[in-house]
Amino acid sequence: MRHLLAIEGMHRPQIASLLDLAESYVLLNRTGKTPRDRLRGRTLINLFFEDSTRTRTSFELAGKRLGADVINMTVSTSSVNKGETLLDTAATLNAMNCDLLVVRHASSGAPALLAQKVDAAVINAGDGTHEHPTQALLDALTIRRHRGSLENLIVAICGDVLHSRVARSNIHLLGAMGARVRLVGPPTLMPAAAERLGAEVFHDMASGLAGADVVMMLRLQLERMARGLVPSAREYFRFYGLDAQKLACARPDALVMHPGPMNRGVEIDSAVADHPTRSVIREQVEMGVAVRMAVLDVLSRVGANA
Ligand code: CP
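It should be emphasised that the depicted structure is a prediction, and the values quoted were computed from it without experimental measurement.

## With respect to the sheet that holds strand β4 (residues 121-127)
In space, the four strands of this open sheet follow the order β2-β1-β3-β4, with parallel pairing throughout. Either end of the sheet is taken by a strand with one partner, and the two such strands are β2 (69-74) and β4. Direction aside, neighbouring strands of the sheet carry axes that sit 15° apart on average. Across five bridges, strand β3 (residues 100-105) lies against β4 in parallel orientation. For L100, the partnering residue across the bridge sits in β4 and is A121.

## A few points about the environment of L87
With respect to the helices and strands, the residue L87 is situated in helix α3 (residues 86-95). L87 sits 27 residues away from L114 along the chain, and the two C-alpha atoms are 6.8 Å apart. Ignoring sequence-local partners within four residues, the contact set of L87 consists of L113, L114 and K117.

## A few points about the sheet that holds strand β9 (residues 255-257)
Pairing is parallel in the open sheet, where five strands are placed in the order β7-β6-β5-β8-β9. The strands lining the two open edges of the sheet, one partner per strand, are β7 (200-202) and β9. Averaged over all neighbouring strand pairs, the angle between strand axes comes to 20°, with direction disregarded. Bridge analysis of strand β5 (residues 154-158) against strand β8 (residues 214-217) gives four bridges, and the strand direction is parallel. Counted as the bridge partner of V155 is V214 from β8.

How each quantity is defined
- As a convention, each chain's residues are numbered from 1 in the sequence order in which they are written.
- Whole-chain, interface and lining totals are the exception, using all residues; otherwise, since this is a predicted model, local features are given only for residues with pLDDT of at least 70 and side-chain atom pairs are given and counted only at 80 or more.
- By convention in this description, side-chain values take in all heavy atoms of the structure and omit both hydrogens and water.
- The criterion for strand pairing is that DSSP finds at least two bridges linking the strands in question.
- The helix and strand labels rest on DSSP assignments: H or I over at least four residues marks a helix, E over at least two residues marks a strand, and numbering proceeds from the N terminus.
- As a rule, the C-alpha atoms of each element are fitted with a line to give its axis, helices using only the stretch in contact, and angles between N-to-C directions run from 0 to 180 degrees.
- For this analysis, residues touch if any pair of their heavy atoms sits within 4.5 Å.

Here it is in structure tokens:
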């Protein structure tokens, strides 16, 4: 694995070994004994063309906990604002001998394009509506820690599937690991030919959640909607927002997940999001650091600058 651009195309042993390595980093993070010499002398640049709290911060923490020099490029104050292209920006960073380049971009395929132009290992931190591979890995690690395995679990991914790179990465990963994926949402927020992704499609929450082991809620991505695809936030919540009543359709011990950021009262009710035993949303954030450490660790061993 030279870059991490997508989950699509990854195989079960490759995913399982990344999760195993991430598991070891969970313990090291909790005890404060991370190997700070692992990435000593390596440079990691966070290049985020879209907003982020969790992904950018956890890549920064992951790099620092492994001893890398970490630079957060603030795109809003960079020469991108003077008209510099994505490729010229990448070539500039390449000339500084960066080892690991973490990229988030509004255009699907932007990290893959950069990977062809730079020597650094490129990690996709979310590209348009395409993929968000480290999010799917951290989701899988969270589920695996609670259920032992992903095999044969029913995972309902609910809401704005159409615009969700998180959903796409999860569909590929969960399928590769033997889980059964359901996509639940209104027809206007479901990709055409969603079934071709290997998932079952439902348009009402009660049947989509029936017997589910995991309920993964998605944010309503209003910023990616050219026109109104839902009548109103209030109506959306009534039919598709996860509250205690809808959650009761799933298994009694079903996990509640959300990649964040959450829109409380739109796709999820606070009582469910903050539920002390059912919600694992905070744990997902913790797993994000461990997963990103594992990814940086693996890529730094095989990159052109290794
Ligand atoms: N889940 C996720 O990608 O969150 P951020 O946008 O805060 O990074």
